[in-house]
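Geometric and topological summary
Each chain is listed here by its residues.
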Amino acid sequence: MKVRGERECQSCGARWSYYDTGSVACPSCGDLRSVGVDDRTAHTDAPVSLDLAPHRERFGEAQETLPRSGVDELQSDLREYCRKRGFIDGGKLAPLDGTYLAARELLEAVDCYERLRDPTDADGEYLLALLAGADDGARPAAEEVPTALREARGMAAVRAVEAYRSDVLDFLDELESGAGGNRAETNGDDGTDADDAPTVTVDGPDPEDRIAPARDAFERLRDRVTRVDALGGDVSPATADALVDAAAALGAYVRTGDEGSLRTATDLIDDASVDGVDPTDR
């Protein structure tokens, strides 16, 4: 989606950022008649936060790890949060952040836990640790993930990396289309833009030189993620984390052009292609 982030109300003249509110309605008077006063930028994120405090209270009062009621509400809130999240914010590529990852893992973990026939104390402690820290982006370390629930870590990595990869590839398309072009003057009232006006920005020189290497690396990463998906996420938590770290490093490379980040991502992808994503590693 391409939007004019800075808005001006035609009724009261107030100005605000669409990136902060996610709405064209004026936050001062509520009027829907507003115009953009800056250039269009690519934007996929939404101003949404994750608040799990009510769920923690409900879980804390339960006699069992999962309360008899409220699980559906927790899953619904997590899905809604993940659905609204994106990784292009006002024309800039955002990192693959911990809160999104933790929300994905908690969503998968609840589903996995419900399917266990005889969950252990360690399984319950892992689930509660996720619930305790997810909204702050905290997750248990890889070595703390119980074997019975490691599929949750694996599938969370699959979903998160695929969502991030999709946005980064869109970002690269926009970067390529705007490479070498100068941002043109635009008219916020009539909504016209010059065709070559860039809608995304990055740091560092020669951003077009990053496009092909990043696409190639993400394609290789996609192959690894597809294999993990085929295994239902049943790989070592360290392998799942390596795939996430590779995606994060590629994002840093696209944002900054840092060759070290590209090398880090390449090494992580190579490592994940050996024993860590072997179907016999169960």
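Criteria and cut-off values
Residues numbered from 1 in each chain as written. Predicted model: local features only at pLDDT ≥ 70, side-chain atom pairs only at ≥ 80, totals over all residues. Heavy atoms only, no water. Helix = DSSP H or I, 4+ residues; strand = E, 2+ residues; numbered from the N terminus. Buried < 20%, exposed > 50% of the residue type's maximum accessible area, 1.4 Å probe, protein only. Contact = heavy atoms within 4.5 Å. Areas by Shrake-Rupley, 256 points an atom, 1.4 Å probe, with all protein chains shown as cover. Patch = residues over 30% accessible without salt bridge, like charges linked within 9 Å, V, L, I, M, F, W, Y side chains within 5 Å. Salt bridge = Lys/Arg side-chain N within 4 Å of Asp/Glu carboxyl O. Lys, Arg positive; Asp, Glu negative; His and termini not counted. Charge placed at Lys NZ, Arg CZ, Asp CG, Glu CD. Expected span 1.5 Å × (residues − 1). Core = buried A, V, L, I, M, F, W, Y, C linked by side-chain atoms within 4.5 Å. Polar contact = N/O pair within 3.5 Å; in protein donor to acceptor, adjacent residues only side chain to side chain. Phe/Tyr/Trp six-rings, centres within 6.5 Å; stacked < 30°, edge-to-face > 60°.

If you tally the helices and strands in the chain, you get 9 helices and 7 strands. Residues counted as buried form 46% of the 282 residues belonging to the chain. Looking at the chain alone, contacts between residues at least 24 apart form 70% of all its contacts between residues at least 6 apart. Total accessible area computed for the chain in this model is approximately 13600 Å², and 43% of it derives from carbon and sulfur atoms.

Moving on, we come to a negative patch on the surface. Judged by side-chain charge, Asp51, Asp72, Glu73, Asp77 and Glu114 come together as a negatively charged surface patch. Looking at the negative patch element by element, the count peaks at 3 residues for helix α3 (residues 71–84). Along the chain, the position of Glu114 falls in helix α4 (residues 98–115).

With 20 residues, helix α8 (residues 237–256) should reach 28 Å at 1.5 Å per residue; the first-to-last C-alpha distance of 28 Å fits that figure. With 15 of 20 residues buried, α8 is to be regarded as a mostly interior element. Positive backbone phi, approximately 80°, marks Gly257, located one or two places after α8.

Moving on: the nonpolar core. Counting 67 residues, the largest nonpolar core has Leu52, Leu74, Leu78, Leu96, Leu106, Tyr164 and Leu221 as the members making the most contacts within it. Mapped by element, the contributors of at least two residues to this core are α3, α4, α5 (121–133), α6 (150–178), α7 (211–230), α8 and α9 (259–272). When residues in this core are grouped by element, the largest group, 11 residues, is from α6. If we skip the residues at most four places from it in the chain, Leu96 touches Phe87, Leu101, Ala160, Tyr164, Val244 and Ala247.

Another point: the pattern of salt bridges. Counted by the stated rule, this structure contains 18 salt bridges. A salt bridge links Arg139 to Glu105; its shortest N-O distance comes to 2.7 Å. Residue Arg139 is found in the loop between α5 and α6, and its partner Glu105 is found in helix α4; the two are separated by 34 residues along the sequence. With its nearest N and O atoms 2.8 Å apart, the salt bridge here joins Arg215 to Asp173. Here Arg215 is found in helix α7, whereas its partner Asp173 is found in helix α6, with 42 residues between them in sequence. Each of Glu105, Arg139, Arg153 and Asp241 takes part in one network of salt bridges that share partners.

A few words on the environment of Glu105. In this structure Glu105 comes out as buried when scored by relative accessible area, which is 0%. Separated by 45 residues in the primary sequence, Glu105 and Arg150 place their C-alpha atoms 10.0 Å from one another. What Glu105 contacts, discounting residues up to four positions off in sequence, is Tyr126, Leu130, Arg139, Ala152, Arg153 and Ala156. Of note is the side chain of Glu105, whose polar atom sits 2.7 Å from the side chain of Arg139.

Overall, the coordinates contain 2 aromatic pairs when judged by the stated rule. Ring geometry for Phe87 versus Tyr100: centroids 5.1 Å apart, planes at 85°, classification edge-to-face. Note that Phe87 is positioned in the loop between α3 and β6 (88–89) and Tyr100 in helix α4, a separation of 13 residues in sequence. A single burial state applies to Phe87 and to Tyr100, both of which are buried. An angle of 80° between the planes, with centres 5.0 Å apart, marks the rings of Phe87 and Tyr164 as edge-to-face. Separated by 77 residues along the polypeptide, Phe87 in the loop between α3 and β6 and Tyr164 in helix α6 bring together distant segments of the chain. Per residue, the accessibility class of Phe87 equals that of Tyr164, and both read buried.

What is shown is where atoms sit, not what they do.
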